[in-house]
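Summary of the model geometry
Below are the chains, spelled out letter by letter.
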Amino acid sequence: MPRSVNSVASRARRKKVMKQAKGYFGRRKNVWTVAKNAVEKAMLYAYRDRRNKKRSFRALWITRINAGARMHGMSYSQFMGKLKSNNISLNRKVLADLAMNHPDAFKAIVEKVK
């Protein structure tokens, strides 16, 4: 009995990877073995950096809150500690936005917790 191969599925799988490799430089875009490795590596970077992006934004928000708090004579840690003790539950993203774009509102929050 002859060997059965599902060439339709194999071709579809290869086409999917080649489509993902579109726009890559050199052989990475049109040679199967090279493109497969390039796409696999790209997917790993994408997975890793979706998590790193969260870290980076949190660091940015903390920096902005710290700068805003120091303009009113408090450090970041003092400010966050007093927010917690006064049961003000604003997250860092919102606080950073207020510190950057709405300094009057941020000042009101600082005055409330002092």
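Values in this document were obtained by computation on a predicted structure and should not be read as measured data.

The rules we used
Residues numbered from 1 in each chain as written. Predicted model: local features only at pLDDT ≥ 70, side-chain atom pairs only at ≥ 80, totals over all residues. Heavy atoms only, no water. Buried < 20%, exposed > 50% of the residue type's maximum accessible area, 1.4 Å probe, protein only. Helix = DSSP H or I, 4+ residues; strand = E, 2+ residues; numbered from the N terminus. Arc of directions from axis to C-beta. Contact = heavy atoms within 4.5 Å. Phe/Tyr/Trp six-rings, centres within 6.5 Å; stacked < 30°, edge-to-face > 60°. Lys NZ or Arg CZ within 6 Å of the ring centre and 35° of its normal.

1. Some points on helix α3 (residues 76–85)
Where α3 is concerned, the buried positions are Tyr 76, Phe 79, Met 80 and Leu 83. Across the axial projection of α3, the buried residues extend over an arc of 95°, all falling on one side. Turned more than 90 degrees from where α3 packs its buried face, Ser 77 and Ser 85 sit exposed. Tucked inside the fold, the buried residues of α3 contact α2 (32–70), α4 (92–101) and α5 (103–113).

2. Description of the packing of aromatic side chains
Enumeration over the complete set of coordinates arrives at two aromatic pairs. Seen in terms of ring centroids, Phe 57 and Trp 61 are 6.0 Å apart; in terms of plane orientation they differ by 40°. Their pairing is tilted. With a gap of four residues between them, Phe 57 and Trp 61 both fall in helix α2, about one helical turn apart. Owing to a relative accessible area of 41%, Phe 57 belongs among the partly exposed residues under this scheme. Ring geometry for Phe 79 versus Phe 106: centroids 5.3 Å apart, planes at 50°, classification tilted. Taken together, the residues Phe 79 in helix α3 and Phe 106 in helix α5 connect sequence positions 27 residues apart. By relative accessible area, Phe 79 is classed as buried at 0%. The aromatic ring of Tyr 47 is capped on one face by Arg 51, whose charged end is 4.0 Å from the ring centroid.

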